[in-house]
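# Working through the structure, step by step
The lines below spell out each chain.
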Amino acid sequence: MSKSIDISSEVDEANKKAVERIIASDSWLVDIRPAIKAIPGYKEDLITHAGPPIEWDRMCFTQKYAIKNVAVYEGLARTQEEAEKLIKRGEILIEPNHKYGLVSGMCGVTAASFPVFVIKNKVHGNVAFNWQQTDVTAFGDVYERVSEIDFVKNVLAPVMKATIKEAKGINIKELLVRGLQMGDDLHGTFDACRGIFLNWIFPYMLRTGFSKETLAKVADYFASREGRWYCGNLMMGACKAMMDAAKNIKYSSIVTAMSRNGVEFGIQVSGLGDEWFLGPAGKIKGFTFPGFKEEDSTLDIGDSAIAETRGLGGTALPASPALARLIGESLEDAIEHTKKMREVSVKEDPVFRIPYMNFMGVPVGIDVRKVVAKGILPKIDTGMAHKRGGHPIIGTGVSVAPMECFKAALKAFAEKYA
C-alpha cells in the first residue's frame, strides 16, 4: 500500500522563491533583430504560432490561414495550397512560440525574417522575444495586407532599433507600472503606456538621423489603430521575461505561462518545466464591431495571456473601469474577480498597484493547488479574430481559463513530487 507524503511546506517555500524571482525581475527592451538572428535555434524553414503545441490537422482555420500566408510571404511556398502540402510533409516546420522564448498576439504567427523585440531581464539574465502583431499574422487577415509586415520590417523596426540604441535600452517594466497607475489594465488598453512611451522615445528617435519623411511615417503609425497596441507587444515580451525567471523551481506549483491556440488553452507550471497541460479554449464574451457577432469569433487564442499569468490584464481590470464596460464586465465584477484571484495567488505585487482598489497590489503567483481547491479561474482580456479569417480584429471581450488544465497539472505535480 502506497503512502502519501506531505510536501506542503516544501511547496510553499518553493512558491515563495518563485514569486520573489518574478517580483524582483525587470524587463528592458535592448534590441530589435530578425528572429533568425536573435532567437537561438530558430530556422529559415520554421514558422511559429501562439498557444500550446497542436497538430496541423487539429489547428483552427484562422491560425492555419495566417501560417499559410506567412509561408508564402517568406518564400517557403508559392501558394497557400502548396504551403499546406509542404507543412503536412514536414518540409515547413510548425512549432509554438513559447518553445523559443517567444510570444506574440492572437494567432501569433512569426517567421525567420520578422524583426522581434529582444527583452532582457537584467536581474536574472534571461531573455525573451516578441514579434509585434499585424493583421495578417495576428488575425489571419487577407494576404494583400502583408504590406503591414513590409512596413514593420523596412521602416518601423530600423527606426526603433536605432532609437533603442540611442536610449541605451528602454525599461519596459517601469513603463507598465506607470501605465497601470494611469488607467491601463495592461492587456486590453495601453493608451497611457503609449503616451509615456512616446514621450520617452521621441528625443532619441529625432537623434537617429532618419529623414523627416521616414520619421513622419513612424509617427503616423503610432497614431493609428495598429500603433495603439505597440505597447501591448512590449508587455507580452516583458511578462515573458519576468515569468521565465520562475521556471524550473523544484516543488513550485506556480503557473509560469498561460496560452491559447484557438482549440486548446494550455498552462505551464514552474516545477513541471516546459510540459503543457491542456483544456478546451473558451468562447469569448464581449462586444463585436458593426457587422459581426460573437459567433463569428474564433475560440480564445493568443500568447497574450502571459499578461494574466503575471497578474495583469483581466486580473488587473479594475485599473481601467472604462475597459471593464467595453469588454462586457462591470467595474464591480472586475473588482470581485481581482479579489478572487488574490485567493489563488501567493501575494500582492509591491509596485504594480491598482488605484481604484485603494492601491492594492495585483495578485502574483497563481498556485494550481489553490485554483483547483477553490474553483477560481483566471479571466483573460482578449481580442476577437474571425473564425474564417480574412478580417482584422472584429471585437473585444473576456474568456475564462478551463479548469481541466489546472487539474491535469495538479495531477502531474502530485505524481512527480508526492
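Scope of this entry: the structure provided in the associated data block. (Residues numbered from 1 in each chain as written. Predicted model: local features only at pLDDT ≥ 70, side-chain atom pairs only at ≥ 80, totals over all residues. Heavy atoms only, no water.)

## A word on the environment of Ile335
Rules: Helix and strand definitions here come from DSSP, where helices need a minimum of 4 consecutive H or I residues and strands a minimum of 2 consecutive E residues; each element is numbered from the N-terminal end. Whether two residues are in contact is decided by their heavy atoms: any pair within 4.5 Å suffices.
Relative to the elements of secondary structure, Ile335 occurs in helix H13 (residues 331-343). Between the alpha carbons of Ile335 and Ala138 there is a distance of 30 Å; along the sequence they are 197 residues apart. Setting aside chain neighbours within four positions, we find Ile335 in contact with Pro318 and Met357.

## Topic: the nonpolar core
Rules: To define a nonpolar core, start from buried Ala, Val, Leu, Ile, Met, Phe, Trp, Tyr and Cys residues and group those joined through side-chain atoms within 4.5 Å. Buried residues are those whose accessible area, probed at 1.4 Å on protein chains only, stays under 20% of the maximum for their type, while exposed residues exceed 50% and partly exposed ones sit between those limits.
Within the largest apolar cluster, 104 residues are counted, with the highest numbers of intra-cluster contacts made by Ile39, Met160, Leu176, Phe197, Phe222, Tyr230 and Leu234. Considering each element in turn, this core owes the most residues, 10 residues, to helix H10 (residues 230-244). Leave out the neighbours within four places in its chain, and Phe197 touches Met160, Ile170, Leu175, Phe222, Tyr230, Cys231 and Leu234. By size, the runner-up hydrophobic cluster in this structure holds 26 residues, among which are Ile366, Val368, Ala409 and Phe413.

## A few points about the sheet that holds strand E11 (residues 277-280)
Cut-off, in case you're wondering: DSSP calls a pair of strands paired once it identifies at least 2 bridges connecting them.
The four strands lie next to each other as E11-E10-E9-E13, forming an open sheet whose pairing is antiparallel. Lying at the two open borders of the sheet, with one neighbouring strand each, are E11 and strand E13 (301-302). Pairing geometry for strand E10 (residues 264-269) and E11, over four bridges, is antiparallel. Paired with Phe265 across the strands is Gly279, a residue of E11.

## Description of the pairing of strand E15 (residues 360-366)
Judged by how many residues are buried, E15 sits mostly within the fold: seven of seven residues are covered. In the sheet, strand E14 (residues 345-354) pairs with E15 via five bridges, with the strands oriented antiparallel. Paired with Lys347 across the strands is Val364, a residue of E15.

## A few points about the sheet that holds strand E16 (residues 379-384)
Test applied: To obtain each axis, a line is fitted to C-alpha atoms, and for helices this fit is confined to the stretch in contact; angles are then taken between N-to-C directions over 0 to 180 degrees.
Strand order across the open sheet formed by three strands is E12-E17-E16, with antiparallel pairing between neighbours. Two strands bound the open sheet, and with one partner strand each, they are strand E12 (285-288) and E16. Averaged over all pairs of adjacent strands, the angle between strand axes in this sheet comes to 20 degrees, irrespective of strand direction. In the sheet, E12 pairs with strand E17 (residues 395-400) via four bridges, with the strands oriented antiparallel. Directly across from Thr288, in E17, lies its bridge partner Gly395.

## A short note on the packing of helix H8 (residues 191-205) against H10
The cut-off we apply is this: Should an angle lie under 35 degrees it is considered roughly parallel, over 145 roughly antiparallel, and from 65 to 115 roughly perpendicular; all remaining angles are considered oblique. As a working rule, the residues Ala, Val, Leu, Ile, Met, Phe, Trp, Tyr, Cys and Pro are called nonpolar, Asp, Glu, Lys and Arg charged, and the rest polar, with Gly in that last group.
At their nearest, the axes of H8 and H10 sit 9 Å apart, and the two run at 90 degrees to each other. Here H8 lies roughly perpendicular to H10, going by the angle between them. Where H8 abuts H10, its residues Cys193, Arg194 and Phe197 lie against Tyr230, Cys231 and Leu234. Of the residues contributing to the contact of H8 with H10, the split by class is five nonpolar, no polar and one charged.

## What about the pairing of strand E1 (residues 28-34)?
In the sheet, E1 pairs with strand E8 (residues 170-171) via two bridges, with the strands oriented antiparallel. By the bridge assignment, Trp28 is partnered in E8 with Asn171.

## Overview of the side chain of Asp300
Topologically, Asp300 is positioned in the loop between E12 and E13. If we skip the residues at most four places from it in the chain, Asp300 touches Arg260, Asn261, Gly262, Phe265, Ala281, Gly282, Ile284, Ile380, Thr382 and Ser399.

## Quick word on the layout of surface pockets
For the record, the criterion: Cavities and pockets were defined on a 1 Å grid built over protein atoms only: a cavity is a set of grid points that admits a 1.4 Å probe from which the probe cannot escape, a pocket is an open set flanked by protein on both sides within 12 Å along at least five of seven lines, and lining residues are those with an atom within 4 Å of any such point. Grid points are joined across faces, edges and corners, and a volume is the space filled by probe spheres set on the points.
Taken as a whole, the largest pocket spans an internal volume of roughly 680 Å³. Surrounding the largest pocket, 31 residues form its lining, Gly188, Arg225, Trp229, Ile393 and Thr396 being those nearest its centre. Going through the elements one at a time, helix H5 (135-139), H10, helix H12 (321-326), E16 and E17 are the ones with two or more residues in the lining of the largest pocket. Looking at the lining of the largest pocket residue by residue, the class counts come to 11 nonpolar, 14 polar and six charged. Estimated volume of the second largest pocket: approximately 160 Å³.

## Section: the environment of Thr137
The line we're drawing: Polar contacts, as counted here, are pairs of nitrogen or oxygen atoms within 3.5 Å of one another; within protein the pair requires one atom able to donate a hydrogen and one able to accept it, and residues that are adjacent in sequence qualify only if both atoms are side-chain atoms.
By the secondary structure assignment, Thr137 is in helix H5. Among residues more than four places away in sequence, those in contact with Thr137 are Ala66, Val70, Cys107, Gly108, Val109, Phe114, Trp131, Gln132 and Ile149. A distance of 3.1 Å separates polar atoms of two side chains, one belonging to Thr137 and the other to Trp131. Of the polar contacts made by the side chain of Thr137, one reaches the side chain of Thr134; its length is 2.9 Å.

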